[in-house]
Amino acid sequence: MLSSIRPKNRVIFAYLILPIVLYVFAVFIPLVTAGFYSLFEWKGGPNKTFIGFENYVTLMKDSVFWKSFSHNIYLVIACIIGQIGLAFIFVLMINSRLVKLKGIHRTFGFFPSTVSAVAIGFIWTMVFDYKRGILNWFLDLIGKHDAIKVWLNESGLVMLLISLPLIWQFIGYYMVIILSAISSVDKEIFEVAEIDGANGFQRAIYIVLPLIKNTLLVCVTLCVAGNMKAFDHIFVMTAGGPGNASMVMALYGYKISFAQQNMGYGSAISIGIFITSLLVIGGSQLLVKLLSKDKGGDN
Amino acid sequence: MKKKFLSVLLAGVMVVAMLTGCGGKSPASNGNTTAETTDGTQTQTQDAATAENTGAGDGAATKTDVAQTDLAYKGELELMHFSTSEESEGNGGSDGFRTVLADWQTVHPDVKLVERVMANDDYKTQIATLAAADDLPDVFLLQGMNTKAWAAQGLILDMTDIISKSPYAAQYDDSTYYPFTSEDKIYGLPALTGGTCAVVLYDSAKWKEAGFDTFPETWDDVLKAKDYFADQGIDTIAFGNGSKWQINSTFLATIGDRFTGSDWTHSLIEKKGAAFTDQSFADALKFTKDIFASGIFNADFNAISNEDAREYYISGDAAAYIGGNWDVSYIQATLKDTDLYDTTKFAVLPQPAGATASYKTHATGLGYAVAINSDVADDPDKLAAAVDFAYEATGPAFANYVATKYALGGLTKVENVDLSGFDQFTQDFYNYQYVDNKPCEIYDSYISSAVWDVLNTDLQSMLNGELTPEKVVANAQKAYEDNY
C-alpha cells in the first residue's frame, strides 16, 4: 500500500535538492569557512597569517567571552522561568471557565512576539529612561523618589532589566504552543478531575503538566536555542554596556569582527558560540531525557 | 501529464525567482534610479545618457564650477560614500559632496558613477568588510585609522604624486594629510569639511544669570556654577555616552591633549615610544573620571546617546552641551528662530587643573579622504577618471560651495570667506572652528578601532566607578601592543 503511493527516489531527491542546497549555502558553508578563518590572524584586508589554534587559546582565556557566556546562561534561565513558566500560568488562567473573551486574550498575548526586537528594545529603553521613563515617573508618583535610578547604567541590574523585554515579548509565543497542546487533551479528563474534587492547583500539577510534558520540553529547547543567540534588542538597549555588563556572545562576536575588524578571532568566537550552544542545548536535552525517564518509572 | 508539466513549470519559476533574489547587485540602468537593497542601503545609478534634465555635456547647468576635463574613459566607476540625502539636509559637507558629485556626473556623461550610499555607521562596517574581502569599490572614503593597515596590504593607491600634480595643489591645506599618511606616502585627498569634535554649546543668558559673562575657562569655575543650576532644576552640562565612542571623540581627545600635548599623540601614532600608561595620559583619565563624578553632568550620561543628550539642551533642561560639529548642525536646524538660538554661544572645553601641555585646543580635522582602490591603476583611463573625480570632490568647486553656503572649510583653502551674509550663530561657529582656537588630533582618526573599542568600553566602566584609570590605561596599552 505504502510503496504504491511512495514517489520515486529521484522525485524525492528533486524535491529535497533546493532546501538542501539552501541549507548548505546558508548554514554549512559559513560554518566551515568560519572554522577555516578562525585558524588565521586576519585583521581586515586580504592578508591572513596562519596561526593554528592560537585564536582558540586566546578564546579560552578571554574573560569577556566567558562573562558573555554566563550572561547567555542567565538569559536562558530567566526566560525558561519567565517565558514558559508565566505562559503556563497564563494558559491555565485563560482556559478557566471564569475568563471571557478568550480569543482576545490569545491574540493580544501573542501580539508582542510579532513586533521586531529592535522596536521592542526602543520601547523598553523609553520605559527605563531616567528623565522621561514611565518607571521613574511611577516611582516618583508613589513617593519613592530615592529609588529612582539610571536603570540601564546599573551594572548589577542591567541583565535583569534586559531580560524583561525578552520575557514580555515571547510569553505569548509559548502561550500559543501550550494552548494548542492542552486543547489536544481530552476535555473529559479535566471534567472527571473536577468532579473528583481536584482544585485548580492540583489539576495543573497532576493532570495538565504530565499530559503536556513533551510540549513543554520542546518549549524549553526552543527557549535555550533562542537565548543562546540573543543579540538585537540588547544591541539597541545597551550595546552590551555599561562596560561589558550586558555583553552576550553574539554581540561580542559582532564587536570583535566588525567594530574591531578582527575577522580571524571573530570567526573563532563564532565557532565558540556554536560549540557552547551545542553543549548547552545538548545538556538541556540530556537533562530533559533523564527527567522524563524518572517520571516514566513512577508510573 | 498536465500536472507534471505544471509542477516542472512551477519548480522552474521558483528556481529563477531564487536565483534572481540572490543576485542582489542588479542596479537598474535606466535613468536616475534609486533601488533599496535588502540591507537598507541605497544603490544609485546615475545614467548620464538619460540625464537630459540636467543638460548633459559641455555648457551644462551645474551648481558648482566643476572643471570640464576631457576623459578618455567610458564606462562605470564605483563610488561608495555616506552622504545620504537625509544626511545632506543641514550638513554642509554632505550637501557639498552630493552637489559636486551630481555636477561631475553632468559634465562627464560617458562615465557612469555607480554609487553605494549608506549611513555612516553602516558605511564603516561595510567598507571594513569589503576591505577584508579585497573587494573595495573603485573610489571610496577612507577613514584615517584604516590608512596604515590598508596601505600595508596594498589595498589603496599611493596618491602622493597625484596630489602634487593636482591643478589645485597650491591651494591645499597640507596639515590635513597627516591621518592619511603612512611611511611618508599619502593615500587620499582629505574630503568633506573640517569639523570640530569637541565644542561646548552654552546658553549665554542662563550663564549670565549664574554670574558668568562667558563660559568659564577652567573646570573649577564650571563647578562653582553647579549649585546654581541645580537649584534651577537643570543640569550644568548635558552629555551622552551611551554608545561609548562619545567620551573618546568629543571629550578625551581634547582633554588628553591638554595633559599630554601633541608630541605624545604623534609619538603614539608613529610608534615612537609613547604609551597609554604614561603618567600624563593616566592623569587625563583621572581628571575625566573625577569631573564626571562631580555632578555637573546629567546623571544618565552613560546610558543615553548624544542625540538624546542634545535634546536636554534644546529643551532647556541643561545650561550647556558638549558635542561635535554634527550636533551643532542639528541644534542649529532645530533651534532656528527661537530665543535660545540667539543666546547659544560656543566655547572651547575648559582647562583642567594641572593640565599644562596645551591650552584652548579642540580635536578637529578631516576624518575621511577620497581614496582609490589600487586595482584601478591597471586601467590608466579609468584611473584618470577616478583621479579627476577626487580632485573635483575636494577642490575649489567643493570648497567654494561649502564656504559660501555654509561657512565651512575643507582641504582646499578659500581666501577671504565673506561671513557678513551669515547669521551670528554661523559666524560664531566659523570663528570657533577655524579662527579662535588651536587644533589637536582626533584620537580615533588614527591607530586602530580594536584599541579604541577596548578603551571606550573600559572608559564607560571607569565613569561608573567600576574600573580605575590605572587599569584602563593598562588594558588600552595591551590592546595597542596586540593590534597596532
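Provided above is the structure to which this section pertains.
Residues numbered from 1 in each chain as written. Chains lettered and ligands numbered in written order. Predicted model: local features only at pLDDT ≥ 70, side-chain atom pairs only at ≥ 80, totals over all residues. Heavy atoms only, no water.

Colleague: Please clarify how the overall build of chain B should be interpreted in this entry.
Modeller: For chain B, the count of helices and strands is 18 helices and 15 strands. Expressed as a percentage of its 484 residues, the buried residues of chain B come to 57%. Intrachain contacts of chain B at a sequence separation of at least 6 include 76% that bridge at least 24 residues. When the accessible area of chain B is evaluated, it comes to approximately 20,100 Å², of which 51% is carbon and sulfur surface. (Helix = DSSP H or I, 4+ residues; strand = E, 2+ residues; numbered from the N terminus. Buried < 20%, exposed > 50% of the residue type's maximum accessible area, 1.4 Å probe, protein only. Contact = heavy atoms within 4.5 Å. Areas by Shrake-Rupley, 256 points an atom, 1.4 Å probe, with all protein chains shown as cover.)

Colleague: Would you take a moment to explain the side chain of Thr-238 of chain A for this structure?
Modeller: Positionally, Thr-238 of chain A belongs in the loop between helix H12 (232–237) and helix H13 (249–259). For Thr-238 of chain A, a relative accessible area of 8% puts it in the buried group. Not counting chain neighbours up to four residues away, the residues in contact with Thr-238 of chain A comprise Leu-152, Val-158, Ile-162 and Ser-246 of chain A together with Gly-242 of chain B.

Colleague: Looking at this structure, I do not really get the pairing of strand S14 (residues 368–372) of chain B. What am I missing?
Modeller: In the case of a regular strand, side chains alternate between the two sheet surfaces. All names here are of chain B. Burial within S14 is extensive, with five of its five residues counted as buried. Going residue by residue along S14, you find Tyr-368, Val-370 and Ile-372 tucked away on one face and Ala-369 and Ala-371 tucked away on the opposite face as well. Looking at chain direction, strand S5 (residues 139–143) and S14 are connected through five bridges and run antiparallel. Looking at the pairing, Gln-143 lines up with Tyr-368 of S14. One ladder, built from two bridges, connects strand S8 (residues 189–190) with S14; its direction is antiparallel. Residue pairing across strands places Pro-190 opposite Ala-369, the latter belonging to S14. (Pairing = 2+ DSSP bridges.)

Colleague: Explanation requested: the sheet that holds strand S13 (residues 361–365) of chain B in the structure shown.
Modeller: Residues and elements named next belong to chain B. Taken together, the three strands give an open sheet; going across it, the order is S9-S13-S15, and neighbouring strands pair in mixed fashion. Each of the sheet's edge strands pairs with one partner strand only, and the pair in question is strand S9 (195–196) and strand S15 (438–440). Of the strands in this sheet, S13 and S15 touch helix H9 (residues 246–269), which is tilted by about 125° from S13. (Axes fitted to C-alpha atoms, helices over the stretch in contact; angles between N-to-C directions.)

Colleague: Sorry if this is basic, but what is going on with the sheet that holds strand S12 (residues 344–347) of chain B here?
Modeller: By way of backbone hydrogen bonds, the strands of a sheet pair with one another, either parallel or antiparallel. Residue and element names in this part refer to chain B. Strands sit in the order S11-S10-S12 across an open sheet of three strands; the sheet is antiparallel. Strands with a single pairing partner mark the edges of an open sheet, and in this sheet they are strand S11 (320–323) and S12. Ignoring strand direction, the axes of neighbouring strands in this sheet form an average angle of 25°. Here four bridges tie strand S10 (residues 199–203) to S11, and the two strands are oriented antiparallel to one another. What sits directly across from Val-199, in S11, is Gly-323. Lying over the sheet, helix H11 (residues 306–314) contacts S10, S11 and S12, oriented at roughly 155° with respect to S11.

Colleague: I tried to follow the pattern of salt bridges on my own but got confused; where do I start?
Modeller: Side-chain pairs of opposite charge can arise whenever the charged atoms involved come near each other. All names here are of chain B. Under the criterion given, the structure shown has 16 salt bridges over all chains. Note that Lys-405 is salt-bridged to Asp-95, the shortest N-O span being 3.2 Å. Placement of Lys-405 in helix H15 (residues 396–406) and of Asp-95 in helix H3 (residues 92–107) is noted, with a sequence separation of 310 residues between them. Owing to a relative accessible area of 45%, Lys-405 belongs among the partly exposed residues under this scheme. Among the residues examined, Asp-95 registers a relative accessible area of 12% and is labelled buried. (Salt bridge = Lys/Arg side-chain N within 4 Å of Asp/Glu carboxyl O.)

Colleague: Would you explain helix H8 (residues 158–183) of chain A in this entry?
Modeller: Taking 1.5 Å of rise per residue, the 26 residues of H8 of chain A would be expected to cover 38 Å, and the 38 Å separating its terminal C-alpha atoms lies within 8% of that figure. Helix geometry: H8 of chain A is bent most strongly at Phe-170 of chain A, by close to 35°. (Expected span 1.5 Å × (residues − 1). Bend = angle between axes of the 7 residues up to and from the residue.)

Colleague: Looking at this structure, how should I read the interface of chain A and chain B?
Modeller: How large an interface is tends to be reported as the accessible area lost when its parts come together. Between chain A and chain B, the residue contacts involve 30 residues of the former and 36 residues of the latter. Where chain A abuts chain B, roughly 2,600 Å² becomes buried across the two surfaces, and 51% of that area is made up of carbon and sulfur atoms. The interface formed by chain A and chain B contains 14 residue pairs in polar contact (both at pLDDT 80 or more). Examining the composition of the side of chain A that touches chain B, we find that four residues originate from one element, H13 of chain A, more than from any other. Its residues assigned to classes, the side of chain A that touches chain B shows 12 nonpolar, 13 polar and five charged. (Buried area = accessible area lost by both parts, 1.4 Å probe. Polar contact = N/O pair within 3.5 Å; in protein donor to acceptor, adjacent residues only side chain to side chain. Nonpolar A, V, L, I, M, F, W, Y, C, P; charged D, E, K, R; others polar.)

Colleague: Explanation requested: the layout of surface pockets in the structure shown.
Modeller: In this approach a probe as big as a water molecule rolls over the atoms, and the regions it shows empty are the leftover space. Space inside the second largest pocket adds up to approximately 1,100 Å³. As for the second largest pocket, its lining consists of 36 residues, of which Asp-62, Val-64 and Tyr-252 of chain A together with Val-454 and Lys-478 of chain B are closest to the centre. Of all elements in the fold, only strand S1 (40–41), helix H3 (54–61), helix H4 (63–95), H13 and helix H14 (263–298) of chain A together with helix H17 (449–463) and helix H18 (469–483) of chain B reach the threshold of two or more residues within the lining of the second largest pocket. The dominant element in the lining of the second largest pocket, judged by the number of residues it contributes, is H18 of chain B, at six residues. (1 Å grid on protein atoms, 1.4 Å probe; cavity = no way out; pocket = protein on both sides within 12 Å on 5 of 7 lines; lining within 4 Å. Points joined across faces, edges and corners; volume = space filled by probe spheres on them.)

Colleague: Where do I start with the pairing of S5 of chain B in this structure?
Modeller: Residue and element names in this part refer to chain B. Of all five residues in S5, five are buried, a share of seventy percent or more. Bridge analysis of strand S3 (residues 75–81) against S5 gives two bridges, and the strand direction is parallel. Within S5, the position partnered with Met-80 by the bridge is Phe-140.

Colleague: Is there a simple way to explain the nonpolar core in this structure?
Modeller: Grouped together as the largest cluster of nonpolar side chains are 65 residues, with contacts concentrated most on Ile-84, Ile-178, Ile-212, Tyr-252 and Ile-269 of chain A. No other element matches H8 of chain A, which puts 13 residues into this core. The residues contacting Ile-212 of chain A, other than those within four sequence positions of it, are Phe-88, Ile-178, Ala-181, Ile-182 and Val-185 of chain A. Listed in part, the 61 residues of the second largest apolar core include Ala-210, Phe-251, Ile-291 and Leu-463 of chain B. (Core = buried A, V, L, I, M, F, W, Y, C linked by side-chain atoms within 4.5 Å.)

Colleague: Just checking my understanding: could you explain the packing of aromatic side chains for this structure?
Modeller: Two descriptors summarise a pair of aromatic rings, namely the distance from one centre to the other and the angle between the planes of the rings. Residue and element names in this part refer to chain A. Under the definition given, this model contains 51 aromatic pairs over all chains. Here Trp-66 and Phe-69 contribute two aromatic rings whose centre-to-centre distance is 5.7 Å and whose plane-to-plane angle is 80°, an arrangement assigned as edge-to-face. One end of the pair, Trp-66, and the other, Phe-69, are both in helix H4, three residues apart, so they sit about a helical turn from each other. The partly exposed category is assigned to Trp-66, whose relative accessible area is 32%. Note on Tyr-254 and Phe-258: the rings are 5.4 Å apart at their centroids and 45° apart in plane angle, and the pair reads as tilted. (Phe/Tyr/Trp six-rings, centres within 6.5 Å; stacked < 30°, edge-to-face > 60°.)

Colleague: I keep staring at unusual backbone geometry and nothing clicks. Help me out?
Modeller: Trans peptide bonds make up the majority, and among non-glycine residues the majority have a negative phi. Note the cis peptide between Gly-241 of chain A and Pro-242 of chain A, where omega equals -5°. Following the sequence through the fold, Pro-242 of chain A ends up in the loop between H12 and H13. Not every positive phi belongs to a glycine, and Leu-101 of chain A is a case in point at roughly 55°. By the element assignment, Leu-101 of chain A lies in the loop between H4 and helix H5 (102–110). A relative accessible area of 58% places Leu-101 of chain A in the exposed class. One non-glycine residue, Lys-360 of chain B, adopts positive backbone phi at about 50°. With respect to the helices and strands, Lys-360 of chain B occurs in the loop between S12 and S13.

Remember, this is a structural readout, not a statement about activity or role.
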